[in-house]
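# Fold and contact review
If you want the building blocks of each chain, they are given just below.
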Amino acid sequence: MYLRALCMCVLPLIISATILSVARLLESSAAGKTLAKLAAIFACGMVLAGLAGMAGAKLGNPGRSLAQEQKVLLGREIMRMEAKTDSPRSASGGTLARFLQNSVPENVFRDVSQGNSLPVLVFCIILGIALGAQRTRSSTTAIAVADATYAALLKIVSWLMYGLPPGLFCLLAAQMGQIGAGVLAALFKLVLWMSLVSLALVAIDLLVIWRRAGGGLPQVIRALKQGVLVAMGTSSSLAAIPAVIEGLHGRLGFRKETVDLVIPLGTTLNPHGNMASFGMMALFVAQLYDVTFNWGDWATILVAS
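Notes on the structure in this doc start here. (Residues numbered from 1 in each chain as written. Predicted model: local features only at pLDDT ≥ 70, side-chain atom pairs only at ≥ 80, totals over all residues. Heavy atoms only, no water.)

### Comments concerning the overall build of the chain
Counting its secondary structure elements, the chain contains 17 helices and 0 strands. Taken over C-alpha atoms, the radius of gyration comes to 21 Å for the chain, in line with the 19 Å a tight globule of 305 residues would show. In terms of its C-alpha atoms, the chain occupies a principal-axis envelope of roughly 65 × 45 × 40 Å. Out of the 305 residues in the chain, the part that is buried amounts to 35%. (Helix = DSSP H or I, 4+ residues; strand = E, 2+ residues; numbered from the N terminus. Rg over C-alpha atoms; globule rule 2.2 N^0.38 Å. Buried < 20%, exposed > 50% of the residue type's maximum accessible area, 1.4 Å probe, protein only.)

### Side note on the nonpolar core
In terms of nonpolar packing, the biggest core is built from 39 residues, with Leu13, Tyr150, Met161, Ile241 and Ile245 touching the most fellow members. Non-local contacts of Met161, meaning those with residues more than four positions away in its chain, are made with Tyr2, Leu6, Val230 and Ala239. Core analysis: the second largest hydrophobic core is formed by 20 residues, Met54, Val183, Ala186 and Met280 among them. (Core = buried A, V, L, I, M, F, W, Y, C linked by side-chain atoms within 4.5 Å. Contact = heavy atoms within 4.5 Å.)

### Focus: unusual backbone geometry
Of note in this structure, Asn61 is not a glycine but carries a positive phi near 45°. Counting through the fold element by element, Asn61 comes out in the loop between α3 (31-60) and α4 (68-85). The phi dihedral of Asp290 falls on the positive side, at around 55°, and the residue is not glycine. Here Asp290 is to be found in the loop between α16 (272-288) and α17 (295-304).

### Here we look at the packing of helix α2 (residues 10-27) against helix α15 (residues 256-269)
Two elements in contact, α2 and α15, have axes whose closest approach is 9 Å; the angle formed by their N-to-C orientations is 130°. Looking at the two axes, α2 sits oblique to α15. Remark: the crossing between α2 and α15 carries left-handed chirality. Note on element contacts: α15 touches α2 through Asp260, Leu261, Pro264, Leu265 and Thr268, opposite Ile14, Ala17, Thr18, Ser21, Val22, Arg24 and Leu25. Grouping the amino acids of the contact of α2 with α15 by side-chain chemistry returns 7 nonpolar, 3 polar and 2 charged. (Axes fitted to C-alpha atoms, helices over the stretch in contact; angles between N-to-C directions. Parallel < 35°, antiparallel > 145°, perpendicular 65-115°, else oblique. Left-handed = near helix turned anticlockwise from the far one by under 90°. Nonpolar A, V, L, I, M, F, W, Y, C, P; charged D, E, K, R; others polar.)

### Examining the layout of surface pockets
Where empty space is left becomes clear once a probe the size of a water molecule has been rolled over the atoms. Roughly 250 Å³ of internal volume is contained in the second largest pocket. Lining the second largest pocket we find 13 residues, and of these Ala151, Leu154, Ile245, Lys256 and Asp260 sit closest to its centre. Those elements giving two or more residues to the lining of the second largest pocket turn out to be α9 (137-160), α14 (237-251) and α15. By residue number, the principal contributor to the lining of the second largest pocket is α9, which donates 6 residues. Among the residues forming the lining of the second largest pocket, the class breakdown is 5 nonpolar, 2 polar and 6 charged. (1 Å grid on protein atoms, 1.4 Å probe; cavity = no way out; pocket = protein on both sides within 12 Å on 5 of 7 lines; lining within 4 Å. Points joined across faces, edges and corners; volume = space filled by probe spheres on them.)

### Details of a nonpolar patch on the surface
A contiguous nonpolar patch, built from Leu48, Ile204 and Val208 and spanning about 230 Å² of accessible area, is present on the exposed surface. Within the secondary structure, Leu48 is located in helix α3. Overall, the relative accessible area of 38% leaves Leu48 in the partly exposed class. (Patch = residues over 30% accessible without salt bridge, like charges linked within 9 Å, V, L, I, M, F, W, Y side chains within 5 Å. Areas by Shrake-Rupley, 256 points an atom, 1.4 Å probe, with all protein chains shown as cover. Salt bridge = Lys/Arg side-chain N within 4 Å of Asp/Glu carboxyl O.)

### Points about the pattern of salt bridges
A full pass over the atoms with the stated rule returns 4 salt bridges. With its nearest N and O atoms 2.8 Å apart, the salt bridge here joins Asp147 to Arg24. In this pair, Asp147 is assigned in helix α9 and Arg24 in helix α2, connecting sequence segments 123 residues apart. Classification of Asp147 by relative accessible area gives partly exposed; the value is 28%.

### Here we look at the packing of aromatic side chains
Summed over all chains, the structure comprises 1 aromatic pair. Geometrically, the ring pair formed by Phe293 and Trp298 is edge-to-face, given 6.2 Å between the ring centres and 85° between the ring planes. (Phe/Tyr/Trp six-rings, centres within 6.5 Å; stacked < 30°, edge-to-face > 60°.)

### What about the packing of α2 against α9?
Between α2 and α9, the shortest axis-to-axis distance is 9 Å and the interhelical angle comes to 135°. As far as their axial angle goes, α9 and α2 are oblique. Along this stretch, α2 crosses α9, giving a crossing that reads as left-handed. Between α2 and α9, the contacting residues are Pro12, Leu13, Ser16, Ala17, Ile19, Leu20, Ala23, Arg24 and Glu27 on the first element and Ile143, Ala146, Asp147, Thr149, Tyr150, Leu153 and Leu154 on the second. When its residues are assigned to classes, the contact of α2 with α9 shows 11 nonpolar, 2 polar and 3 charged.

### Regarding the environment of Leu59
Checked against the element boundaries, Leu59 lands in helix α3. Between the C-alpha atom of Leu59 and that of Asn116, which follows or precedes it by 57 residues, the distance is 34 Å.

### Some remarks on the side chain of Gln287
When you line up the elements, Gln287 lands in helix α16. Within the structure, Gln287 has its side chain in polar contact with the backbone oxygen of Ala57 (distance 3.1 Å). One polar contact links Gln287 to Asn61, side chain to side chain, over a distance of 3.3 Å. Excluding residues that lie within four positions of it along the chain, Gln287 makes contacts with Ala57, Asn61, Pro62, Gly63 and Arg64. (Polar contact = N/O pair within 3.5 Å; in protein donor to acceptor, adjacent residues only side chain to side chain.)

This is a description of form; function is not addressed.
Below is the structure:
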């Protein structure tokens, strides 16, 4: 129930935050300069996160040196998850052209109902650009509605945070009971190295924020501690948005307009955790089945990440 309550807010939060962020960006006088800077920083962050995940898998080799029964157990679990998530949309092709085609929403309401966040995100970016470019009274009203919806959803998520300790306990207990001790032991090295890579990325981000905020590093850590715990505990950066905004604006003194723009946009368009885990999981499965990669395969995984 707790996980469903968190997921209830995810897509509406993405929709309102993305429309609001893009529209506000285009309303500002320095939109072109800000967009270029954001694009450059996002691109560098994506490459860094993808390389970090691949490097962690290469250094740790979590898919190698496993007992045969552990490999069989993990193979069965992978097949079970593939069968569970398989659909005509995801099975229709793995090419870049197919990926780009599926990112354009044919029916945005169907994509919302099915939880396909990428085409919904593309639609929201286009809608945000259109609203920000109009500069009319009606577009201002629409942006205000998105702002109010975004604020209300953040309030709902902040209410849900009161149930975080028992909610995390139940989520972890359910996962442990479903996975079983055998799979958990086989995944130990993978979890360990994914945690190390995540902590390394968090440390880099903290150093950047510390440099921008000034003051002492302990102050920055205290300001963002709750956001980091929520994100890593729930595996959801969206759930951590209220705590991060409060930490950056309320405790570190960053401008509210900047925080309201960068945090939702960065969370939806620049998720480092997803990129790092994709690269690591791809190498993990390859190691599990003793598949070797050439330079072209490495480049493909990095671009796909």
